[in-house]
Amino acid sequence: MSEPARTAAKRARRTRAGTSGTSGSPGNPGNPAGKAADGRSGKAPGTITYREAMREAIAEAIERDERVFLMGEDVGRYGGCFAVSLGLLERFGPERIRDTPLSEAAFVGAGIGAALAGMRPIVEIMTVNFSLLALDQIVNNAATLRHMSGGQFGVPLVIRMTTGAGRQLAAQHSHSLEGWYAHVPGLRILAPATVEDARGMLWTALEDPDPVLLFEHGSLYNASGEPPAAAGPVDIDRAAVRRPGRDVTLITYGGTLPGTLAAAGRLAEDGIEAEVVDLRTLRPLDDETIMASVRRTHRVVIVDEAWRSGGLAAEVSARVTEQAFYDLDAPVERVCGAEVPTPYAAHLERAALPGPDDIAAGARRAVRNDA
Amino acid sequence: MTATGRPAERGEAGGGQWELLRGMLLIRRFEERCVELYSAAKIRGFLHLYIGEEAVAAGTLRALTAEDAVVSTYREHGHALARGVPAEAIMAEMYGRATGCSGGRGGSMHLFDAARRFYGGHAIVGGGLPVAVGLALADRMRGLDRVTACVFGDGAMAEGAFHECVNLAALWRLPVLFVCENNRYAMGTALAREHAQTDLALRASSYGVASWAVDGMDVLAVEAAARRAAEAVRWGGGPHFLEMRTYRYRAHSMYDPDLYRGKAEIEEWKKRDPIDGLVARMRAGGRITDADLESLEKEIAAEIDAAIRSAEDAPLEPVEDLTRFVYAEKAGEAGKPGKPGKAGKAVRS
Ligand SMILES: Cc1ncc(C[n+]2csc(CCOP(=O)(O)OP(=O)(O)O)c2C)c(N)n1
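Residues numbered from 1 in each chain as written. Chains lettered and ligands numbered in written order. Predicted model: local features only at pLDDT ≥ 70, side-chain atom pairs only at ≥ 80, totals over all residues. Heavy atoms only, no water.

Looking at an unreviewed UniProt entry, one finds chain B named Pyruvate dehydrogenase E1 component subunit alpha and attributed to Actinomadura viridis. Under the UniProt heading Subunit (unreviewed entry), the note attached to chain B is "Heterodimer of an alpha and a beta chain." Under the UniProt heading Function (unreviewed entry), the entry covering chain B gives this text: "The pyruvate dehydrogenase complex catalyzes the overall conversion of pyruvate to acetyl-CoA and CO(2)." (UniProt positions renumbered as here; feature names shortened; annotations may be inferred.)

Under an unreviewed UniProt entry, the name given to chain A is Pyruvate dehydrogenase E1 component beta subunit, and the source organism is Actinomadura viridis. UniProt, in the comment section headed Cofactor (unreviewed entry), describes chain A in these words: "thiamine diphosphate".

Caption draft 1: The side chain of Glu73 of chain A, seen in detail. Of note, Glu73 of chain A is situated in the loop between strand 2 (68-72) and helix 3 (88-96). Lacking a salt bridge, the buried Glu73 of chain A has Arg160 of chain A as its closest oppositely charged neighbour, with an N-O distance of 12 Å. Excluding residues within four positions of it along the chain, Glu73 of chain A makes contact with Thr100, Pro101, Leu102, Ser103, Glu104, Phe107, Glu124 and Met126 of chain A together with Glu159 of chain B. (Helix = DSSP H or I, 4+ residues; strand = E, 2+ residues; numbered from the N terminus. Buried < 20%, exposed > 50% of the residue type's maximum accessible area, 1.4 Å probe, protein only. Lys, Arg positive; Asp, Glu negative; His and termini not counted. Salt bridge = Lys/Arg side-chain N within 4 Å of Asp/Glu carboxyl O. Contact = heavy atoms within 4.5 Å.)

Caption draft 2: The arrangement of the packing of aromatic side chains in detail. For the structure shown, the criterion picks out 13 aromatic pairs over all chains. Judged by centre distance (5.2 Å) and plane angle (85°), the rings of Phe325 of chain A and Tyr326 of chain A are edge-to-face. In this arrangement the basic side chain of Arg64 of chain A is found over the ring face of Trp203 of chain A, its NZ or CZ atom lying 3.9 Å from the centre. For the cation-ring pair, Arg44 of chain B lies above Tyr38 of chain B, with the distance from its terminal atom to the ring centre recorded as 4.6 Å. (Phe/Tyr/Trp six-rings, centres within 6.5 Å; stacked < 30°, edge-to-face > 60°. Lys NZ or Arg CZ within 6 Å of the ring centre and 35° of its normal.)

Caption draft 3: Spotlight on the interface of chain A and chain B. Each partner contributes to the interface: chain A provides 47 residues, whereas chain B provides 46 residues. Per-residue buried area on chain A facing chain B is highest for Tyr78, Leu102 and Tyr344 of chain A; these three make up 19% of the total on that side. Summed over the shared surface of chain A and chain B, the result is one salt bridge. As a salt-bridge pair, Arg193 of chain B and Asp99 of chain A come within 3.2 Å of each other at their nearest N and O atoms. (Buried area = accessible area lost by both parts, 1.4 Å probe.)

Shown next as structure tokens:
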């Protein structure tokens, strides 16, 4: 092994070993081994990361309810491909932290069966791209069984998965397909964008009598924040206003929330006060919070990393037009991912994703465009 | 036999041993440089190294002709190099350059080369298997005596796609050579914790597919088995399955801290290193000297240096071209419709 290689590997080991309580695991492609030496990744004292919040939420759920267990590829021995479940196997044993073979259809379907029989499984799928191998189980079984059985069978199952781009992993590891799942009646779709939601949404999801899909954007795992004072359940029926403003409403969710907030900060420097709405729940959508904001600002920009055509942004836009058309002072703007499979090369990937500049430009268009 | 002439000639006299050695060394040295470049942040994304498994690529692909097809996984640098994809084109791809074999859009996990019938580079585990079945079906329907080799890992054999594909290929007697690289781990999951039946060749054989387990650390054994199987496939023997028993020395990817296996196990496998093993045999047979080996190493280092230099200098794809290649650019890019029912030489696209 060459010298740099050896140091990189050593660093990776060191960082990973110290990960159980800290962030910056090389398991997270957002923080490659070569750069992971600072295991704290700038985390301020007294804060926790999104990854830790999620891990605490899983641990708490397992402790709280004997029916809860986690299953998925490499969740146990390996510690989870994004190191979310690192250390949980040692804590809870292989019955509750179950490694599965590479069989997405089988273990997601098994989660459905176990839920039908009264358990409360948390199924982890490494990324949304791989969830397509289980699409049949999710869409044809989990989403439909209650209805098809005339209300006799419910599927209280939680499926967690990573979504999104930004780590140069190319098309088969980078897409944002949560909008597809939001198309399907019978599923509830959550997208925690903050540490607090990462900590709180899981328990609420487990209490839901129906299948809930939780989408964790890969770029958020190292984000840190205050540990929520009350780690209790959060309201998953409501969108949240993350920043109040009067001039334009920026609607987003998940991985694009930080970039949208950054854009709002830049706009403020130019005297444009943007309100930022975090959808949090993609299905069912909280129309009330969205429309209330539109009625305050009269201008809307929807930010979504996923493709524009037929996407979630189209749905939100249609609802705004249906319910708040006469409150609009400008056409609805959409800032979405380029209509291209996510490319590998850094400059192309960057160009394919909506960044703060694109978001701010969209907001300026909306503000300038007086109807 | 006297050792005269260029080592390559001597190698051919030794049943292609020199070429096998060169093939394996190129893969290993190429990837060792990749590790450095990755640590220097020159290449990014996921990087899955093949170090330790070189005999499988070098031996298997030597058993194929230029007309045959290869379908691979995300751990495919070795397969691509052994297929003859230039190191320069692969390195440029990892650098995300316009001159890369996938135009910078695919990266390490998605190497493609149409001219060499190298059909990826698939990063969905098991995703290449159905594609291979289709390639073989096309050859069969056109009456071409070609083989499609499909390489995948032991982990892929737990996916439904594997079972669906082996069944279909066996049912239709399609010319597919299934090559399972059993390196004993699927990411951090050991073979015995992912498979109820760990005899993989036995499992494939339950579909009526001729199957063998091969010592994947012995390049000569690999080549011999691959040659036998490929010829049987080519002459209408239906799909064949080879379980290559091999091992990866490195972690699953550059992100993997490799905490799920012991160092001693890795060291044990290194004792059976495919390159060392072949060199020892060639030495014993008088087919290689220290000087030969040294000059081979030099030649390979120069090839890789040149690849890196050219990747460094290569242009980036212009951002304006971001949305190219989502759809065909010229009408008729898919080629002219073929004459139905007519067997003949394939039209090169
Ligand atoms: C459908 C799918 N599920 C999960 C993954 C994540 N993943 C990538 S490689 C890998 C392990 C595959 O192991 P194996 O097939 O044995 O091949 P090896 O890496 O050992 O060469 C996993 C789980 C994936 N890429 N695709």
